[in-house]
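# Topology and contacts: notes
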Amino acid sequence: MTLRIGIIGCGYKGSDHIDRVANRINGATLAGVADIKQELAEKYAQKYNCKHFETGEELIESPDIDAIMVVTRPHDTHVPFVLKALEEGKYVFSEKPLSTSADDCKRVVEAETKIGKRLVQVGFMRRYDNGYRQIKKAIDEGTYGKPLLLHMTHRNETTVSDYYDNDAIVETAIHECDIMHWLVGSDYDKVSCFIPRAQTKYTHEGLHDPQVMTFDTKNGIHADLEVFVNNHNSYDINCEVVCEEGTIALTSPIFTQVKTQERAQTAIPQNDSFRFRQAFDSEIQDWVNGVLADHLNPTAPTTWDGLMACVAADALEKSRDNGFVKEPVVLPERPDLYKN
């Protein structure tokens, strides 16, 4: 069987996934696209010889579409399409974040729990990155003793003009909200968000940049995160884990080094599509394999993971707006469906 995939959202990340499904994923074919901008959907439908749907709902309902990918912006548009896919009994991949609020995520948890089967995978692709996977393996095996501290950075060269304070958390730091608790195997106890006095001249009204966040887990591990989305340098993702007997740190994928004028230079990726290409490819292939088997990989990011990340993000926003105090991260009871 070849899985017929329909993609809703043809913007920056949607177009990246369109090319991925059309050219690099085994067992799947790009069967249809939809976007609120009709001319954009028509462009990709013609380019990849697939069907253009006028609405996402029409795409989901079509008997010519087996599974759906939701890659729309703004991110609070994800949940209605995900819920519609669940109503149709179809598997759905939702790009991160699942939504911009925990309450919306709860609606998906409730709908999927009622069905009694996992049909949703959330796009936390860092879990598929070889670097993060090697770090997790070392932590799980206790290679360097137990982890004590994590130091993380999430830096973008520039960002769009309609990007604001909450986006720094729910769009950018949401990756760390997921990957950090996945690495150490513990939920969050408290989080905080601090705005330094010094701000970059490249920011705009409504966006404090950079921002500093902290995470304390229930098993006593502390992490700090710098989010700097206008660093005017590169897409610079770092994660260092300090353990009892050593440290483990990511390195960016580098293919060449240049030596010139008595200096050695190594490139830093410009964007996430380059830095995490392997991870994006691996996560979509894993999703397709799970859909074809009619059983999603139990280790793949779930609706519950999407909810957990948004609960942490909500607490970070509350901390930032209420004097930078540490805010508790309070989760509802985890349904049996999400207990591995």
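Source: prediction; values computed, not measured.

## Re the packing of helix 5 (residues 102-115) against helix 10 (residues 303-321)
Between helix 5 and helix 10, the least distance of the axes is 9 Å, while the angle of their chain directions is 160°. Accordingly, the angle class assigned to the pair helix 5 and helix 10 is roughly antiparallel. Handedness of the crossing formed by helix 5 with helix 10: left-handed. Contacts between helix 5 and helix 10 involve Ala-102, Cys-105, Lys-106, Val-108, Val-109 and Glu-112 from the former and Thr-303, Trp-304, Gly-306, Leu-307, Cys-310, Val-311 and Asp-314 from the latter.

## Brief notes about the sheet that holds strand 11 (residues 236-243)
Taken in spatial order, the 7 strands of this open sheet run 12-11-7-10-9-8-15, and their pairing is mixed. The open sheet has two edge strands, strand 12 (246-249) and strand 15 (327-328), and neither has a second partner. Two elements, strand 7 (residues 147-155) and strand 10 (residues 222-228), share 7 bridges in a ladder whose sense is parallel. Looking across to strand 10, one finds that His-151 is bridged to Asp-224. Taken strand by strand, helix 6 (residues 130-141) contacts strand 7, strand 11 and strand 12, and its axis lies near 10° from that of strand 11. Strands strand 7, strand 8 (188-194), strand 9 (211-217), strand 10 and strand 11 of the sheet are contacted by helix 7 (residues 165-184), whose axis makes an angle of about 30° with strand 9.

## A look at the sheet that holds strand 1 (residues 3-8)
The pairing of strands in a sheet happens through backbone hydrogen bonds and is either parallel or antiparallel. Within the open sheet, the 6 strands sit side by side as 3-2-1-4-5-6. Their pairing is parallel. Two strands close off the open sheet at either side, each with one partner strand: strand 3 (51-53) and strand 6 (120-123). In this sheet, neighbouring strand axes are inclined to one another by 25° on average, regardless of whether the strands run parallel or antiparallel. Relative to strand 5 (residues 91-95), strand 4 (residues 67-70) runs parallel, the two sharing 4 bridges. Residue pairing for strand 5: Ala-67 is matched across the bridge by Tyr-91. Lying on the sheet, helix 4 (residues 78-87) is in contact with strand 1, strand 4, strand 5 and strand 6; it crosses strand 5 at an angle near 170°.

Here is what the cut-offs are and how they apply
- Residues numbered from 1 in each chain as written.
- Predicted model: local features only at pLDDT ≥ 70, side-chain atom pairs only at ≥ 80, totals over all residues.
- Heavy atoms only, no water.
- Axes fitted to C-alpha atoms, helices over the stretch in contact; angles between N-to-C directions.
- Helix = DSSP H or I, 4+ residues; strand = E, 2+ residues; numbered from the N terminus.
- Parallel < 35°, antiparallel > 145°, perpendicular 65-115°, else oblique.
- Left-handed = near helix turned anticlockwise from the far one by under 90°.
- Contact = heavy atoms within 4.5 Å.
- Pairing = 2+ DSSP bridges.

In short, the description is geometric, and any link to function would need to be established separately.
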